Amino acid sequence: MRVVDLAEPADADELLPAGEPPGVLVAAGPVAGASEFWLERATFTLTEQRCADRRAVTVDSVPDALAELGERCGRWPHASSVCDDVLRSIDPVGPALAGVLTESLAYSTLQAGPEFARWLAQRGPARVPGSAEPVQARRDGDVLRIRFNRPRRHNAFCTGARAALLEALAVARLDPSVTEVVLSGNGPSFCSGGDLAEFGTLADPASAHLARTRHSPALALDALTARLGRDCRAEVHGRVLGSGLEMAAFCGWVAAEADSVFGLPELALGLIPGAGGTVSVTRRIGRWRTAYLVLSGRTIGADTALAWGLVDAITQ
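In the nomenclature of an unreviewed UniProt entry, the protein is known as Enoyl-CoA hydratase/isomerase family protein of Mycobacterium servetii. In its Sequence similarities (unreviewed entry) section, the UniProt record describing the protein reads: "Belongs to the enoyl-CoA hydratase/isomerase family."

Written out as C-alpha cells, the structure reads:
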C-alpha cells in the first residue's frame, strides 16, 4: 500500500510508473482544494473532514486508519491488489455480465492462492447444517415475495439457498404478470453472506467460476431490475454482509431498517466479493468507497449507507 499526502502530493511519475497497475494507492488529507488527479486515481481518499465526495471516506483519525489499512494489506497483499485491479477494470454503468465475469475470474484466481489456502487451513473441516427450506417464495397477486429462511445462521447463503433463489427469480423473469419482486429475510438478519462452512468445497477454481457465472442470482436480479426498476426491491435488516449486500444492491430499491449493518468482509478469507458486488455496490457508491469497505473490513450503519447511496430509504 502506498500513501499520497494531499497537502504535499508526490510526483506522479514516481508513484505511478507508466504501464504498471497502480496498486493500492491511498490518498490522505483535506479534500477541499485537493488535486483532482490524485482524488481520481487513488484507490480511495481518507479525510477527517465531513465530505460528500464519493471518492473520499471520513474517518476519526487518518493516521490510525492508515495504520490499520497497512496491516490488512500487508496480511492479504494478493487479495488487496486483485481487489484494486478489479474495481479499476470494471465499468459499473456497462453490462453486468462483463463485470461479473471479470470479478469471478479474479475470485477464482484468489481461490487458488496462498491467502485463501491459509484461511481454509485455519478454519479446518466444516459441515454445512441442512436447511429444509432455505428460501421461501410466495405469490401474492402480481407480487412475488422471496425470503431467505435460515434464521439460525443469519441467513448465510448456501448452495441450497442459491438454487431455491434462482428458481424463484426464474418465475419472475419468465412470467410477465409478475410486476413486483420483494427480497427479504426471516429472523434477525437479511443475509450475513456466504456460508463459511461451504467455502472450498468445489473441486477446483474453474468449476467454481462456471458455477458462479452460469447460475448467478446477481445476473437474474440485474435483469429483473432492468424490467421492473424500483419494483424489484430489497427490504433489509440486521446483518447485510458479503453476498447479502451484493445481491441487495442489484435491486432497484433498497429499504433498510435502522438496525442494519453493511459490509464486505471477504478480504479476511483472502478473497474479494464474489456475488457481483464489484458491480452492484460500485454502481451505488463508486469504486472508491467499495474498495474502502473491502480493504478496511469496516461495517457501516444505515445512516451512512443512506448518505452514501447504498440504500434508498430507512424504515422503522
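## What to know about the overall build of the protein
Within the protein one finds 12 helices and 13 strands. Taken over the C-alpha trace, the protein has a radius of gyration of 19 Å; the compact-globule value for 316 residues is 20 Å, and the two agree within 12%. Each principal axis of the C-alpha distribution contributes one length, and for the protein these read about 60 × 40 × 35 Å. The buried share among the 316 residues of the protein stands at 52%. In the protein, of all internal contacts separated by at least 6 residues, the share reaching a separation of at least 24 is 68%.

## Brief notes about the sheet that holds strand E9 (residues 239–241)
Pairing between sheet strands relies on hydrogen bonds along the backbone, with the strands arranged either parallel or antiparallel. Reading across from one edge, E9-E11-E12 is the order of the three strands in this open sheet, with mixed pairing throughout. Strands at the two margins of the open sheet, each flanked by one partner only, are E9 and strand E12 (300–301). Judged from the two bridges that link them, strand E11 (residues 261–263) and E12 form a sheet pairing that is antiparallel. Of the residues in E12, the one forming a bridge with Phe 262 is Ile 300.

## As for the sheet that holds strand E2 (residues 25–28)
Taken in spatial order, the four strands line up as E1-E2-E3-E4 in an open sheet, and their pairing is parallel. This sheet does not close on itself; its edge strands, each paired only once, are strand E1 (2–5) and strand E4 (56–58). Recorded for the sheet is a direction-independent mean angle of 30 degrees between the axes of neighbouring strands. In terms of strand pairing, strand E3 (residues 44–47) meets E4 through three bridges, oriented parallel. Each bridged residue has a counterpart across the sheet, and for Leu 46 the counterpart in E4 is Val 57. In the packing of helix H11 (residues 277–296) onto the sheet, contacts are made with E3 and E4, and the angle to E3 comes to roughly 75 degrees.

Parameters at a glance
Residues numbered from 1 in each chain as written. Predicted model: local features only at pLDDT ≥ 70, side-chain atom pairs only at ≥ 80, totals over all residues. Heavy atoms only, no water. UniProt positions renumbered as here; feature names shortened; annotations may be inferred. Helix = DSSP H or I, 4+ residues; strand = E, 2+ residues; numbered from the N terminus. Rg over C-alpha atoms; globule rule 2.2 N^0.38 Å. Buried < 20%, exposed > 50% of the residue type's maximum accessible area, 1.4 Å probe, protein only. Contact = heavy atoms within 4.5 Å. Pairing = 2+ DSSP bridges. Axes fitted to C-alpha atoms, helices over the stretch in contact; angles between N-to-C directions.

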